[in-house]
Amino acid sequence: MPELRINGLPSSVDVDATVLDAAELVFVEIPTLCHLKELEPEASCMLCVVKNVATGELIPACSAKAIDGMEIDTECDEVQAARRDILNLLLSEHVGDCEAPCTRICPAHLDIPLMLREIELGNMESAAWIAKRDLAIPAILGHICPAPCEKGCRRAQVDEAIPIRDLHRDGGRACSPSAPPKSGKKVAVINSGAAGLSSAWKLCQLGYTCTVFDEAPRAGGTLRDHKTLPMAVLDAELEWLAGAGIEFKLGCTISLHTISEEFDGVVFAGTESSGIHFADAFYAEEHKLAVKAVANGKAAAIALDLFLKGEAPRSGDRFDSKVGKLRESELQELLKNCATDEQAGKPATHVGHPAAAGLSAQSEAGKCLHCDCRKPVSCKLRKYADRYDADQREFPADDRGRIQLIGHNESVVFEPGKCIKCGLCVKITKRAGEELGLAFVGRGFNTQVQVPFGGKLQDGLKVVARECVEVCPTGALVFRNAEVCLYH
Ligand code: SF4
Ligand code: SF4
Ligand code: SF4
């Protein structure tokens with residue numbers, strides 16, 4: 001029975017075990033992209049490299065046999081640098097946006113394509129929930145936001161930008177307030193403008209019992225000064241937030257002493273010029289652009305939450321693969337995501353989709369190109385790009401690959417530009433005895449995963465479509481509507 005050390009921890013394994021098995025036994029995580037326990041290792045991605053201390057070599061942990069007396073280092077600088085290079089190389093060939101351009105531009109980071117998919121399917125309550133979750137006050141913003149997201153909308157290259165602002169303005173009312181489960185901790189938010197409301201709602205979503213204090217007799221702060229905002233809309237949104245469990249204490253001041261006695265934490269939402277300062281408070285700056293104030297409120301709430309949990313502050317920016325400007329042919333590919341020919345901007349040839357019933361919000365939402373990735377949370381490539389601080393521009397390609405969608409009108413979609421050729425789907429379809437399955441076709445750089453003999457995706461994935469989507473480490477194989485992205 002080989003006995004070895006992983007980062008100094010003794011591990012004793014079976015004779016056939018690998019270094020990866022030995023690491024797992026002592027709870028040391030080694031990143032992998034192409035590994036699946038029950039399948040023969042290929043070491044094709046090489047992300048699992050570790051250092052054999054005795055020889056100084058970097059070896060793939062998934063296929064290197066565990067040898068008696070081995071000393072393995074899984075996280076030294078050399079290993080980290082090698083993993084970063086491996087990720088940068090994979091990303092240099094990678095064609096896809098983790099986030100849609102509209103979501104990137106929205107200061108409050110509304111998951112726009114996800115909301116649009118729900119509207120298009122007629123799931124208005126779920127769409128409203130996404131708008132509430134991300135924007136706190138979607139109906140108010142629907143009246144006063146200058147909609148920077150629409151300026152970045154790719155649909156404008158075809159005809160017009162999607163009316164995102166109108167859709168969250170009208171749709172935001174469709175869900176009833178529900179109070180998330182509480183953690184037992186109490187927090188205070190000082191002031192009830194857009195930043196304060198957003199902080200309070202985020203803290204409420206994170207499980208805190210939240211009280212908003214304001215000297216003014218009515219909540220809303222400077223939102224009440226907006227001439228284009230109907231006060232009934234503001235009042236309805238405040239009522240919704242109160243219904244979700246936020247307590248408002250208006251027309252009163254609160255002392256520092258009371259805060260420290262009664263609350264676990266506090267967010268002060270205001271402007272520098274307000275002259276009021278709370279030591280130890282997390283600060284959410286109000287902004288003349290209400291959507292920026294909402295973003296500031298969310299950020300302060302997240303910072304307070306991390307502080308109260310004893311976790312280190314972190315930047316909200318995740319790794320984000322970017323395609324940049326689309327070619328005409330790529331725009332045509334993304335147009336395949338539109339459910340009907342009418343929505344894609346072509347003369348209608350068929351009816352039957354909900355949007356064809358003349359429901360205009362659904363029809364507008366149906367024009368979305370769905371520029372985002374469907375695995376923004378579970379993608380392992382993104383996760384490790386974050387962890388190892390990868391840089392997609394480190395090895396720039398002379399001519400980047402093209403966006404291509406295969407199986408766009410089926411439930412599973414394949415995007416070759418996001419495939420890292422790990423081979424897991426190929427092995428799984430083979431093991432399951434799929435009639436056609438998936439296979440590597442071509443040679444060298446031109447190798448691609450395909451259904452053999454020019455078959456359709458659905459013909460290759462008759463038995464194990466779900467399994468293939470689940471093991472695919474990237475957004476190359478996805479379900480059309482499966483992943484819900486939970487942002488912080
Ligand atoms: S496959 Fe992963 S890295 Fe690529 S766009 Fe999707 S989430 Fe981002
Ligand atoms: S087409 Fe849809 S996903 Fe793409 S930028 Fe416009 S709203 Fe966003
Ligand atoms: S499509 Fe297949 S080969 Fe490509 S990354 Fe996904 S599982 Fe791996």
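Worth saying up front: this structure is predicted, and the values here are computed from it rather than measured.

*Asks:* What am I meant to see in the overall build of the protein chain here?
*Replies:* When its secondary structure is counted, the protein chain shows 18 helices and 14 strands. The C-alpha radius of gyration computed for the protein chain amounts to 26 Å, which stays within 12% of the reference 23 Å derived for 488 residues, consistent with globular compactness. Projected onto its principal axes, the C-alpha positions of the protein chain cover 75 × 65 × 40 Å. With 488 residues in all, the protein chain has 51% of them scored as buried. As displayed, the protein chain has an accessible area near 22,800 Å², and 53% of this comes from carbon and sulfur atoms. The distance from the centre of the 55 positive side-chain charges to the centre of the 69 negative ones in the protein chain is 4 Å.

*Asks:* Looking at this structure, how should I read the site of ligand 3?
*Replies:* Close contacts around ligand 3 come from Phe414, Cys419, Ile420, Lys421, Cys422, Gly423, Cys425, Val449, Cys472, Pro473, Ala476 and Leu477, and that covers them all. In the shell around ligand 3, the residues fall into 10 nonpolar, one polar and one charged.

*Asks:* Teacher, can you tell me more about the nonpolar core here?
*Replies:* Nonpolar side chains tend to gather and get buried jointly when the protein is soluble and globular. In this structure, Met115, Leu116, Ile137 and Leu223 are the most contacted members of the largest nonpolar core, which totals 78 residues. With eight residues, helix H12 (residues 290–308) is the largest single contributor of residues to this core. Apart from residues no more than four positions distant in its own chain, Leu223 is found in contact with Ile137, Ile140, Ile144, Gly193, Ala194, Leu197, Leu229, Met231, Leu234 and Ala290. In terms of nonpolar packing, the next biggest core, distinct from the first, is built from 43 residues, Phe319, Val451, Ala465 and Val471 among them.

*Asks:* Any chance you could explain the pattern of salt bridges here in plain terms?
*Replies:* Any two side chains of opposite charge can pair if their charged atoms end up close together. Here the structure, examined in full by the defined rule, presents 25 salt bridges. A salt bridge links Glu38 to Arg431, with the nearest nitrogen and oxygen atoms 3.6 Å apart. Residue Glu38 is located in the loop between helix H1 (19–25) and strand E3 (49–52), and its partner Arg431 is located in helix H16 (residues 424–431); the two are separated by 393 residues in the primary sequence. Judged by its relative accessible area of 44%, Arg431 is partly exposed. Measuring nitrogen to oxygen at the nearest pair gives 3.4 Å for the salt bridge that ties Glu470 to Arg466. Separated by four residues within a single helix, Glu470 and Arg466 lie in helix H18 (residues 465–471), roughly one turn from each other. Overall, the relative accessible area of 54% leaves Glu470 in the exposed class. Accessibility expressed as a relative area gives 53% for Arg466, which makes it exposed. Through salt bridges with shared partners, one network takes in Asp97, Arg104, Arg154 and Asp320.

*Asks:* Is there a simple way to explain the side chain of Thr474 in this structure?
*Replies:* Here Thr474 shows up in the loop between H18 and strand E14 (477–479). According to the relative accessible area criterion, Thr474 is buried, its value standing at 1%. Separated by 3.0 Å, the side chain of Thr474 and the backbone nitrogen of Ala476 make a polar contact. Here Thr474 is in contact with Lys375, Cys379, Leu381, Lys418 and Ile420, once residues within four sequence places are set aside.

*Asks:* Help me understand the state of the cysteines in this model?
*Replies:* Disulfide: a covalent bond formed between the sulfur atoms of two cysteine residues. One pass over the full model with this rule turns up zero disulfides. Just so you know, Cys48 is unpaired, no disulfide at all, and the nearest cysteine sulfur is the one on Cys62, 3.8 Å from it.

*Asks:* Could you clarify how one ought to interpret the domain arrangement of the protein chain in this entry?
*Replies:* The accessible area lost on association of the parts is a frequent measure of interface size. The domains assigned to the protein chain are domain 1 (3–75), domain 2 (101–175 + 323–365), domain 3 (186–308) and domain 4 (399–479). The straight-line distance from the C-alpha centre of domain 1 to that of domain 4 is 29 Å. With nine residues of domain 1 at the contact, the number on the domain 4 side is nine residues. For the pair domain 1 and domain 4, the summed buried area comes to about 740 Å², and 65% of that belongs to carbon and sulfur atoms. On the domain 1 side of the interface with domain 4, the three residues burying the most area are Leu33, Leu36 and Leu39, jointly 57% of the side's total. Inspection of the region where domain 1 meets domain 4 yields one salt bridge.

*Asks:* Teacher, can you tell me more about H12 here?
*Replies:* If you check H12, its first and last C-alpha atoms are 27 Å apart, about what 19 residues at 1.5 Å a residue would give, namely 27 Å. Taken across its 19 residues, H12 has 14 buried, putting it largely inside the fold. Positioned one or two residues after H12, Gly310 has a phi angle of 75°, which is positive.

*Asks:* Help me understand the environment of Phe319, please; the structure alone is not making it clear to me.
*Replies:* Note on placement: Phe319 falls in the loop between H12 and helix H13 (328–335). Phe319 gets classed as buried once you look at its relative accessible area, which sits at 11%. As for Phe319 and Tyr384, which are separated by 65 residues in sequence, their C-alpha atoms are 9.1 Å apart. Non-local contacts of Phe319, meaning those with residues more than four positions away in its chain, are made with Leu91, Cys98, Arg382, Ala385, Asp386, Ala390 and Gln392.

*Asks:* I keep staring at the packing of aromatic side chains and nothing clicks. Help me out?
*Replies:* The relative placement of two aromatic rings is captured by the distance of their centres and the angle of their planes. Counted under the stated rule, the structure contains five aromatic pairs. Plain terms: the ring middles of Phe268 and Tyr283 are 6.0 Å apart, the flat faces sit at 15° to each other, and that makes the pair stacked. Of this pair, Phe268 sits in strand E9 (residues 265–270) while Tyr283 is found in strand E10 (residues 282–285), placing the two residues 15 residues apart along the sequence. Relative accessible area serves as the criterion here: at 3%, Phe268 is assigned to the buried category. Ring plane angle 50° and centroid distance 5.4 Å describe the contact between Phe282 and Phe307, whose orientation is recorded as tilted.

*Asks:* Help me understand the pairing of E3, please; the structure alone is not making it clear to me.
*Replies:* In this sheet, strand E4 (residues 57–60) lies alongside E3 in antiparallel orientation, the contact comprising four bridges. Looking at E4, one finds that Asn52 is bridged to Glu57. Across two bridges, the pairing between E3 and strand E5 (residues 71–73) is antiparallel. Opposite Asn52, over in E5, you have Ile72 as the bridge partner.

Thresholds applied
- Residues numbered from 1 in each chain as written.
- Chains lettered and ligands numbered in written order.
- Predicted model: local features only at pLDDT ≥ 70, side-chain atom pairs only at ≥ 80, totals over all residues.
- Heavy atoms only, no water.
- Helix = DSSP H or I, 4+ residues; strand = E, 2+ residues; numbered from the N terminus.
- Rg over C-alpha atoms; globule rule 2.2 N^0.38 Å.
- Buried < 20%, exposed > 50% of the residue type's maximum accessible area, 1.4 Å probe, protein only.
- Areas by Shrake-Rupley, 256 points an atom, 1.4 Å probe, with all protein chains shown as cover.
- Lys, Arg positive; Asp, Glu negative; His and termini not counted.
- Charge placed at Lys NZ, Arg CZ, Asp CG, Glu CD.
- Near = heavy atom within 4 Å.
- Nonpolar A, V, L, I, M, F, W, Y, C, P; charged D, E, K, R; others polar.
- Core = buried A, V, L, I, M, F, W, Y, C linked by side-chain atoms within 4.5 Å.
- Contact = heavy atoms within 4.5 Å.
- Salt bridge = Lys/Arg side-chain N within 4 Å of Asp/Glu carboxyl O.
- Polar contact = N/O pair within 3.5 Å; in protein donor to acceptor, adjacent residues only side chain to side chain.
- Disulfide = S-S within 2.5 Å.
- Domains from an automatic or database assignment.
- Buried area = accessible area lost by both parts, 1.4 Å probe.
- Expected span 1.5 Å × (residues − 1).
- Phe/Tyr/Trp six-rings, centres within 6.5 Å; stacked < 30°, edge-to-face > 60°.
- Pairing = 2+ DSSP bridges.

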